[in-house]
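Next come the chains, spelled out residue by residue.
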Amino acid sequence: MIDKRESQIPLFKVRMSAEASSHVTNVLNSGFIGQGPKVDEFETKLKKYIGCENLLTTNSATSALHLTLHMLKKPKMEWPGLTESSEVLTTPMTCTATNWPILGNNLNIKWVDVNPNTINMDLDDLERKITKNTRVIIVVHWGGYPIDLDRLEDIKRKTKNKFGFTPMVIEDCAHAFGSKFSCGTKIGAKDYNNFCVFSFQAIKHLTTIDGGALICPNEWYHERGKLIRWYGIDRNSDRKDFRCESNIPEWGFKFHMNDVSASVGIANLKNIDQSINIHIKNSKLYDELLKNVNGVELVNQNSEDTSSAWIYSILVDNKIGFMNHMKNYNIMVSQVHERNDKHTCVGDYSVHLPSLDKIVNRLVCLPVGFWVGEEDIKYISDVIKLGW
């Protein structure tokens, strides 16, 4: 018999530094709240933390993804550019923020199945579906669990040999801030010549209230991205009138971050590893307590890489019964993201995805974050062991 908790254990919680309010107040009182020195400072600190170069911030990860696809439309040297016939191979098991920028850029979605052991993209299915029209591959590091980028590099090489071009890879790292490969390198820092997009939305590991970051594969895209995120205007150019821009050779968007958001990010970045380490510790405790439990299948178990464990995913039998059981014990659980391919707005791209069909009716995520203590993890695990 287990005593029911009086208060609910939430699935997500905003992590806000106690210093954030004073940082924001300083910016608000400075008279400069747009994109300015705090954005520059935040970008510098992010580059140091991740271990990368060519990073720029945006007002959301969605904007960063849209910006990336927009930039890729333009040919450059061996890169052929994108046209209305170009295919973007992507996973439907993600937030719609990953895939709607494809539609926003008038490109074609081609769905790739998932690996049921990781919830990441099935790279075997990816390799089978690449054609002469494939130009971009978008992968998601589900829950923070790194996809096999070495295998992806091999697929890129095979595509080059077969079709004469190398597809561009965009890594959606929204779940994976602070995740590490077995060598100790963080996601976003390895030299795979990919674009990497991070989210600083409210409930992510690191929040700026809302915001994102884009790591570009080279300086050319980085400099171009900085221009296009703010109408195409060069903010550093010499202007006779500071309110009047010089010539704009390429139009752009209003996708930039502001100093208020950046100041929140600076405050929250300060002790980010302390928070991420709690997520990791909790996920490992779940691994131990939930192994060999009837009706539960663990995922993301067989890797030397380190997930930052933004969410902790399991597969369960009788999912509706399980969710009601957890609700009765004041434990919030969720699938977190709906499969994107079910929506009628992408009905033209429908395709059979057998692995996703099997796991989506079993997929549930458990509370794993910094707000969850060891006793909470044991309580949640004991409730699961009761059966449902």
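Conventions adopted
- Residues numbered from 1 in each chain as written.
- Predicted model: local features only at pLDDT ≥ 70, side-chain atom pairs only at ≥ 80, totals over all residues.
- Heavy atoms only, no water.
- Patch = residues over 30% accessible without salt bridge, like charges linked within 9 Å, V, L, I, M, F, W, Y side chains within 5 Å.
- Areas by Shrake-Rupley, 256 points an atom, 1.4 Å probe, with all protein chains shown as cover.
- Salt bridge = Lys/Arg side-chain N within 4 Å of Asp/Glu carboxyl O.
- Helix = DSSP H or I, 4+ residues; strand = E, 2+ residues; numbered from the N terminus.
- Buried < 20%, exposed > 50% of the residue type's maximum accessible area, 1.4 Å probe, protein only.
- Axes fitted to C-alpha atoms, helices over the stretch in contact; angles between N-to-C directions.
- Parallel < 35°, antiparallel > 145°, perpendicular 65-115°, else oblique.
- Left-handed = near helix turned anticlockwise from the far one by under 90°.
- Contact = heavy atoms within 4.5 Å.
- Nonpolar A, V, L, I, M, F, W, Y, C, P; charged D, E, K, R; others polar.
- Pairing = 2+ DSSP bridges.
- Phe/Tyr/Trp six-rings, centres within 6.5 Å; stacked < 30°, edge-to-face > 60°.
- Polar contact = N/O pair within 3.5 Å; in protein donor to acceptor, adjacent residues only side chain to side chain.

Draft legend 1. Examining a nonpolar patch on the surface more closely. Together, V14, M16 and I209 make up a nonpolar patch on the protein surface, roughly 270 Å² of accessible area in all. If you trace the backbone, M16 turns up in the segment before α1 (20-28). With a relative accessible area of 40%, M16 lands in the partly exposed category.

Draft legend 2. The packing of helix α10 (residues 319-328) against helix α12 (residues 374-385), seen in detail. Axis separation between α10 and α12 bottoms out at 10 Å; the angle between their running directions is 130 degrees. One finds that α10 runs oblique with respect to α12. Once α10 is placed against α12, the crossing between them reads as right-handed. For the pair α10 and α12, contact is made by F322, H325 and M326 and by I380, V383 and I384, respectively. Of the residues belonging to the contact of α10 with α12, the class tally is 5 nonpolar, 1 polar and no charged.

Draft legend 3. Here's a closer look at the pairing of strand β6 (residues 195-199). Where burial is concerned, most of β6 is hidden: 5 out of the 5 residues are buried. What you see with β6 is no split at all: F195, V197 and S199 on one side and C196 and F198 on the other are buried throughout. Sheet topology places strand β5 (residues 168-172) next to β6; 3 bridges connect them, and they run parallel. The residue bridging D172 from the neighbouring strand is V197, located in β6. In this sheet, strand β7 (residues 212-215) lies alongside β6 in antiparallel orientation, the contact comprising 4 bridges.

Draft legend 4. Up close: the sheet that holds strand β10 (residues 363-366). Pairing in this open sheet of 3 strands is antiparallel, and the strands run β8-β9-β10 from one edge to the other. Each end of this open sheet is capped by a strand with a single partner; those strands are β8 (296-298) and β10. Going across the sheet, the axis of each strand differs from the next one's by a mean of 40 degrees, ignoring polarity. By the bridge criterion, 3 bridges tie β8 to strand β9 (residues 312-316) in an arrangement that is antiparallel. Within β9, the position partnered with L298 by the bridge is I314. Sheet contacts for helix α9 (residues 272-290): β8, β9 and β10; angle to β9, the most-contacted strand, approximately 20 degrees. Contacts between α10 and the sheet are confined to β9 and β10, with β10 contributing the most and set at about 20 degrees to the helix.

Draft legend 5. Highlighting the packing of aromatic side chains. Tallied over the entire structure, the rule returns 14 aromatic pairs. With centroids separated by 5.1 Å and ring planes inclined at 25 degrees, the aromatic side chains of F12 and W310 adopt a geometry described as stacked. Linking F12 in the segment before α1 with W310 in the loop between β8 and β9, this pair joins segments that are 298 residues apart in sequence. Given a relative accessible area of 22%, F12 falls into the partly exposed group.

Draft legend 6. Focus on the pattern of salt bridges. If you walk through the whole model with that rule in mind, you get 24 salt bridges. E127 is the salt-bridge partner of R151, the closest N and O atoms lying 2.9 Å from each other. Here R151, found in helix α6 (residues 149-163), pairs with E127, found in helix α5 (residues 123-129); they are 24 residues apart in sequence, far enough to count as distant. Among the residues examined, R151 registers a relative accessible area of 25% and is labelled partly exposed. In this structure E127 comes out as partly exposed when scored by relative accessible area, which is 28%. The structure contains a network of salt bridges with shared partners spanning D124, E127, R151, D154, R157 and K158.

Draft legend 7. Just helix α8 (residues 259-269), in detail. A large share of α8 lies buried, amounting to 11 of its 11 residues. Those residues of α8 that fall on the buried side of the exposure criterion are D259, V260, S261, A262, S263, V264, G265, I266, A267, N268 and L269. In this structure, the buried residues of α8 make contact with α1, α2 (37-50) and α9. For α8, the side-chain oxygen to backbone nitrogen distance between the N-cap and V260 is 3.0 Å, and the N-cap itself is N258.

Draft legend 8. View of the side chain of Q35. Locating Q35 in the fold gives a position in the loop between α1 and α2. Overall, Q35 belongs to the buried group, its relative accessible area being 7%. Excluding residues that lie within four positions of it along the chain, Q35 makes contacts with R229, R235, H256, M257, N258 and D259.

Draft legend 9. Region of the structure containing unusual backbone geometry. In the Ramachandran plot, A309 falls in the positive-phi region, its phi being about 55 degrees despite a non-glycine side chain. Considering the arrangement of structural elements, one finds A309 in the loop between β8 and β9. Under the relative-accessibility criterion, A309 is labelled buried at 3%.

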